[in-house]
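Residue-level structural notes
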Amino acid sequence: MDIKTVMVVGAGQMGSGIAQVCAAAGYKVYLNDLADELVEKGFKIIEQNLNRQVTKGRMTEIEKENVMENLYSSTDVIDANNVDIIIEAATENMGIKKEIFSKLDEIAPQHAILASNTSSLPITEIAAATNRPERVIGMHFMNPVPVMRLVEIIRGLATDDEVYEVVEAMAKALGKVPVEVNDFPGFVSNRVLMPMINEAIFTLYEGVATKEAIDEVMKLGMNHPMGPLTLADVIGLDTCLYIMETLHDGFGDDKYRPCPLLRKYVKAGRLGKKTGRGIYEYG
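None of the values given here were measured: they were computed from a predicted structure.

Attention now moves to unusual backbone geometry. For the bond running from N143 to P144, omega is 0 degrees, close enough to zero to count as cis. Of note in this structure, F187 is not a glycine but carries a positive phi near 55 degrees. With respect to the helices and strands, the residue F187 is situated in the loop between β8 (177-181) and α7 (189-205). A residue is classified by how much of its surface remains accessible, and F187, at 3% relative accessible area, is buried.

Structure below.
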């Protein structure tokens with residue numbers, strides 16, 4: 001099957017980025033969220049991203065306008081009734097995702113693929129909320145979506161081979177590198193990354209070194225572009241905690257136990273850059 005029309009559910013940072021790369025690849029894209037102001041915020045993020053590309057000479061004003069013309073605002077999931085694929089990028093919460101997929105299953109055409117951008121939750125369980133588990137798949141983009149090339153593609157227990165092939169081809173059409181991953185908590189990216197971040201927070205919690213020193217060791221010693229504590233603030237400490245809890249619950253192994261300092265910061269509302277304060281403070 002050919003993908004021509006896409007709906008992205010969730011107009012936050014990830015959703016707007018996914019919508020942007022889909023529109024830039026020539027797809028007609030509905031960017032959906034619960035309220036007009038949320039969708040408008042997503043459109044502004046996309047326009048700011050594109051303006052930067054124009055300023056740097058990587059895109060012309062006409063090319064930018066062509067991308068924007070491929071984007072349509074949506075606040076009603078009924079718009080899913082004429083799309084070929086829906087990519088859900090809502091809050092990382094199983095209950096919310098199941099509710100969304102159940103609604104989409106009722107509205108979307110029978111041929112439509114239902115994809116989730118979940119970073120850690122099992123695709124098989126999400127698919128069970130629908131009557132088309134064979135057409136449900138994971139499509140985990142990296143943040144920031146317009147820049148990062150990787151897409152983890154996760155088959156659920158019932159995902160059809162044809163669905164995988166269509167999604168793999170779409171990822172390549174977006175200029176991404178698709179990697180097939182089996183349906184385990186955290187997949188590959190977050191199963192490796194989050195315990196490292198959690199251990200860096202333990203290192204801070206135990207007073208082994210200052211936050212600046214911990215980040216410097218990983219940048220200069222391991223050649224990471226960003227220290228793990230800075231990265232945690234960028235991702236959001238609440239998201240880091242949720243993924244660690246998902247890994248801990250999914251595997252039942254204490255090596256995934258979230259650091260108490262991570263829990264404390266989240267309870268205090270220190271969630272990272274998005275709240276102006278996390279492990280670091282932001283002016």
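Now for the packing of α7 against helix α8 (residues 211-222). It is at 9 Å that the axes of α7 and α8 come closest, and there the two elements cross at 140 degrees. Considering the angle they form, α7 stands oblique to α8. Here the hand of the crossing between α7 and α8 comes out right-handed. Where α7 abuts α8, its residues M196, A200, T203 and L204 lie against K211, I214 and M218. When grouped by side-chain class, the residues that make up the contact of α7 with α8 number 5 nonpolar, 1 polar and 1 charged.

Here α8 crosses helix α9 (residues 228-235) at 105 degrees, and the two axes come no closer than 7 Å. Relative to α9, the element α8 lies roughly perpendicular. Along the contact surface, α8 presents K211, I214, D215 and M218, while α9 presents P228, L229 and T230. Of the residues in the contact of α8 with α9, the class split is 4 nonpolar, 1 polar and 2 charged.

Grouped together as the largest cluster of nonpolar side chains are 39 residues, with contacts concentrated most on V6 and I87. With residues up to four places along the chain from it excluded, the contact list for I87 reads V6, M7, V8, V9, I18, C22, A115, M139, F141 and M170. The next biggest cluster of nonpolar side chains, apart from the first, holds 24 residues, and it includes M194, C240, L261 and L262.

One pass over the structure, following the stated rule, counts 15 salt bridges. Its salt-bridge partner being E92, residue K97 comes within 3.6 Å of it at the nearest N-O pair. Exposure class is identical for K97 and E92. Each is buried. Between K274 and D238 there is a salt bridge, and its shortest N-O distance comes to 2.9 Å. Of this pair, K274 sits in the segment after α11 (260-267) while D238 sits in helix α10 (residues 237-251), placing them 36 residues apart in sequence.

Analysis parameters
Residues numbered from 1 in each chain as written. Predicted model: local features only at pLDDT ≥ 70, side-chain atom pairs only at ≥ 80, totals over all residues. Heavy atoms only, no water. Helix = DSSP H or I, 4+ residues; strand = E, 2+ residues; numbered from the N terminus. Buried < 20%, exposed > 50% of the residue type's maximum accessible area, 1.4 Å probe, protein only. Axes fitted to C-alpha atoms, helices over the stretch in contact; angles between N-to-C directions. Parallel < 35°, antiparallel > 145°, perpendicular 65-115°, else oblique. Left-handed = near helix turned anticlockwise from the far one by under 90°. Contact = heavy atoms within 4.5 Å. Nonpolar A, V, L, I, M, F, W, Y, C, P; charged D, E, K, R; others polar. Core = buried A, V, L, I, M, F, W, Y, C linked by side-chain atoms within 4.5 Å. Salt bridge = Lys/Arg side-chain N within 4 Å of Asp/Glu carboxyl O.

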